[in-house]
Amino acid sequence: MVMNQQKIEGEWLEITAPAKVNLMLSVHGKRGDGFHELTSLMVACHFGDTLKVRANGADHDLLHVDGIEVPVDPSNLILQAADVFRNSTGYNGHFDFHLLKRIPLGAGLGGGSSDAVAALQALNSIAKTKLSKPELTEMAAVLGSDCPFFVDSVPALIRGRGEVVEPLDAECAKRLTGKKLLLFKPHFGVETVWAYRQLAAYPEFNYESLEVAMARMRRFSSVFDAGDLLHNVFENPVGRKFTAIPVLLEKLREKGVNCQMSGSGSCCFALIDNGISVSEIVKTVVNCWGEGIFWVETSVY
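About the thresholds
- Residues numbered from 1 in each chain as written.
- Predicted model: local features only at pLDDT ≥ 70, side-chain atom pairs only at ≥ 80, totals over all residues.
- Heavy atoms only, no water.
- Core = buried A, V, L, I, M, F, W, Y, C linked by side-chain atoms within 4.5 Å.
- Buried < 20%, exposed > 50% of the residue type's maximum accessible area, 1.4 Å probe, protein only.
- Helix = DSSP H or I, 4+ residues; strand = E, 2+ residues; numbered from the N terminus.
- Contact = heavy atoms within 4.5 Å.
- Phe/Tyr/Trp six-rings, centres within 6.5 Å; stacked < 30°, edge-to-face > 60°.
- Salt bridge = Lys/Arg side-chain N within 4 Å of Asp/Glu carboxyl O.

Here's the deal with the nonpolar core
Inference 1: The biggest cluster of nonpolar side chains holds 69 residues, and the ones touching the most others in it are Leu 51, Phe 97, Phe 184 and Phe 234.
Inference 2: When residues in this core are grouped by element, the largest group, seven residues, is from helix α2 (residues 111-126).
Inference 3: Once residues lying within four places of it in the same chain are set aside, the contact partners of Phe 234 are Leu 25, Val 27, Ala 195, Tyr 196, Leu 199, Gly 239, Met 261, Gly 263 and Ser 264.
Inference 4: Ala 19, Leu 157, Leu 168 and Met 217 belong to the second-largest nonpolar core, a separate cluster that totals 30 residues.

Here it is as structure tokens:
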């Protein structure tokens, strides 16, 4: 899957919407606007959803979903993206959206945010509005904190509440691009708002300073060991309720696997290197979480 690739099929425009993982996620505290201040290193995956879009000539948008079931009402970020696009550009047309949903919900993989930005990019092409990346990024920030990252989907340091996206320098990005990952999610999801409440409930244990987060980035920039980056402040507070997550991650770490939870969970990932095989990791995951769980082998875009 090539990120942000657009393809015309008949009157439909097709665009990919990648999943993301947080190699590092540090939260520093609550801001005056109610959001949390964070620092994260985020990468996109060669795994995600596919969105098809066309102008429909009607007076409303229509959304059809195949694959994983998601709401098709105004709570869906794709339909919200269409409203933001019209409000920002003055374009008065409406659209049909056909989403092939592969990214699981409540996973910490940014699926809804990625779908929304894919919609903005598709509408920009169809309406020929020629919006710049900064303009698309500004619209994306209205839709959600993870959204600005997906405008480019390149390895990036994320700051603020998620709206400040700083692409990594060429050498650091090169060290991450193509790195193989295994994504695996238990049968349950984690609600993001709930997870942030758990952080805020015990700030002295869960928040950490910007200096600590940037020290990880400096280690990576000097040694280029992605394993040095792995840290997620949500693992402990989420793991206190959902004990299946830390139990599995500890078993994998005992085997020498670099792994952690992505975002606020519940999906986790493992860096695949020349050590333990994918089949052995999957076997360990299934032994802990049971048959029929979601897993997919992918790589960093």
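Things to note about the packing of aromatic side chains
Inference 1: Under the definition given, this model contains nine aromatic pairs.
Inference 2: Centroid distance Phe 47 to Phe 294: 5.8 Å. Interplanar angle 45 degrees. Geometry classified as tilted. Taken together, the residues span a long stretch of sequence, with Phe 47 in strand β3 (residues 36-55) and Phe 294 in strand β12 (residues 294-299) at a distance of 247 residues.
Inference 3: Cluster of aromatic residues (ring-pair linked, three or more members): Phe 85, Tyr 91, Phe 95 and Phe 97.

A look at the pattern of salt bridges
Inference 1: Counted under the stated rule, the structure contains 14 salt bridges.
Inference 2: Put simply, Asp 33 and Arg 31 hold a salt bridge, and the shortest N to O gap is 2.7 Å.
Inference 3: Taking the relative accessible area as the measure of exposure, Arg 31 reaches 22% and is therefore partly exposed.
Inference 4: The partner of Asp 152 in a salt bridge is Lys 133, with the nearest N and O atoms 2.8 Å apart. With Asp 152 in the loop between α3 (133-143) and β6 (156-159) and Lys 133 in helix α3, this residue pair connects regions lying 19 residues apart in the sequence.
Inference 5: On the basis of relative accessibility, which here comes to 30%, the residue Asp 152 falls in the partly exposed class.
Inference 6: Linked by salt bridges that have partners in common, Glu 11, Arg 54 and Asp 96 make up one network.

Treat this as a map of the structure, not an account of what it does.
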